[in-house]
Amino acid sequence: MKLAEVSIRRAVFATMLIAALMVFGLFALPRIGVELFPNVFFNVMSTTVIYTGADPETMESKVADPIEEALQSLSGVKRMTSRNYEGVTSVILEFELEVDGNLALQDVRDKVTAIERELPRGIDPPVIQKFNTGAAPVLSVALSGDLP
């Protein structure tokens, strides 16, 4: 209630105080750093294994399950999903934001390398990638027309 009393009794003082705050704000405005697209790194890693000719059930039991078992012991994993298609398995790990992405990538590589002997013969070497959301396109355009 003190602020309301001062504002009513000394209206000129309250007006000058607000004006001073606005002037300081206007002087500070150009110095504030604002980025429209800040670099935000979501720690998402993908492990892709290609096994030519294998059906999705085989990919799940022989490839995805051993990889998932090895990767579930990593700390800071928020979510793990796997997709099994004909000849391709993809295991995607999403880490907490506090986890260092480079260390997590190295840990994933170490775990997958440790179990490569358990995977079936004839697979291509596992490809481990770190998703970079900053490299994703902002806009995709497709054009079509009737040409001879």
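Given the structure is predicted, the values throughout are model-derived calculations rather than measurements. The numbers attached to residues start from 1 for each chain and follow its sequence in the written order. Predicted model: local features are reported for residues with pLDDT of at least 70 only, side-chain atom pairs are reported and counted for 80 or more only, and whole-chain, interface and lining totals are derived from all residues. Water and hydrogen atoms were dropped before computing side-chain values, which therefore reflect all heavy atoms in the structure.

Colleague: Explanation requested: the sheet that holds strand E3 (residues 88-95) in the structure shown.
Modeller: Note: strands within a sheet are paired through backbone hydrogen bonds, in either parallel or antiparallel orientation. Any two strands between which DSSP finds at least two bridges are classified as paired. The helix and strand labels rest on DSSP assignments: H or I over at least four residues marks a helix, E over at least two residues marks a strand, and numbering proceeds from the N terminus. Ordered in space as E2-E3-E1-E4, the four strands form an open sheet in which the pairing is antiparallel. Only two strands of the sheet have a single neighbouring strand rather than two, namely strand E2 (77-85) and strand E4 (127-130). Neighbour-to-neighbour, the strand axes of this sheet turn through a mean angle of 15 degrees, independent of strand direction. Two strands pair when backbone bridges link them, and strand E1 (residues 44-50) and E4 are joined in this way by four bridges, in the antiparallel orientation. Its bridge partner being in E4, Thr 48 is matched across the sheet by Val 127. Interaxial angle, 0 to 180 degrees, is taken between N-to-C directions of lines fitted to C-alpha atoms, where a helix line uses only the stretch in contact.

Colleague: Looking at this structure, how should I read the environment of Val 127?
Modeller: Considering the arrangement of structural elements, one finds Val 127 in strand E4. Remark: the alpha-carbon pair of Val 127 and Ser 90, spanning 37 residues in sequence, is separated by 9.4 Å. Only heavy atoms enter the contact rule, under which two residues are in contact if any of them lie within 4.5 Å. In this structure, Val 127 is in contact with Ser 46, Thr 47 and Thr 48, ignoring residues within four places of it in sequence.

Colleague: Just to check I follow, could you spell out the nonpolar core for this structure?
Modeller: Side chains of nonpolar character tend, in soluble globular proteins, to be buried together. We define the nonpolar core as a collection of buried residues of types Ala, Val, Leu, Ile, Met, Phe, Trp, Tyr and Cys that are connected through side-chain atoms lying within 4.5 Å of one another. Partly exposed describes any residue whose relative accessible area lies between the buried limit of under 20% and the exposed limit of over 50%, with all areas from a 1.4 Å probe on protein chains only and scaled to the type maximum. Counting residues in hydrophobic clusters, the biggest one holds 20 residues, and the most contacted among them are Ile 67, Leu 71, Phe 95 and Val 108. Elements that contribute at least two residues to this core include exactly E1, helix H3 (56-71), E3 and helix H4 (101-114). Considering every element that reaches this core, the biggest residue donor is H3, with five residues. If sequence neighbours within four positions are ignored, Val 108 has contacts with Met 45, Thr 47, Leu 71, Leu 74, Leu 93, Phe 95 and Ile 128.

Colleague: Can you help me understand the pattern of salt bridges in this one?
Modeller: If the charged atoms of two oppositely charged side chains come close together, the side chains can form a pair. For salt bridges, the criterion is a side-chain nitrogen of Lys or Arg within 4 Å of an Asp or Glu carboxyl oxygen. According to the stated counting rule, one finds two salt bridges in the structure shown. When the shortest N-O distance is used, the salt bridge between Glu 94 and Lys 78 registers 3.8 Å. Within this pair, whereas Glu 94 is found in strand E3, its partner Lys 78 is found in strand E2, the two being separated by 16 residues in sequence. Residue Glu 94 is joined to Arg 79 by a salt bridge in which the shortest nitrogen-to-oxygen separation is 2.9 Å.

Colleague: Would you take a moment to explain the packing of helix H1 (residues 2-9) against helix H2 (residues 11-28) for this structure?
Modeller: A pair of packed helices is captured by two measures, namely the crossing angle of their axes and the spacing between those axes. Between H1 and H2, the shortest axis-to-axis distance is 5 Å and the interhelical angle comes to 110 degrees. In terms of their interaxial angle, H1 and H2 are classed as roughly perpendicular. Contact residues: Val 6, Ser 7, Ile 8 and Arg 9 in H1; Ala 11, Phe 13 and Ala 14 in H2. Its residues assigned to classes, the contact of H1 with H2 shows five nonpolar, one polar and one charged. An angle below 35 degrees is read as roughly parallel, one above 145 as roughly antiparallel, one from 65 to 115 as roughly perpendicular, and any other as oblique. Three classes are used, and their members are as follows: Ala, Val, Leu, Ile, Met, Phe, Trp, Tyr, Cys and Pro are nonpolar, Asp, Glu, Lys and Arg are charged, and the others, Gly among them, are polar.

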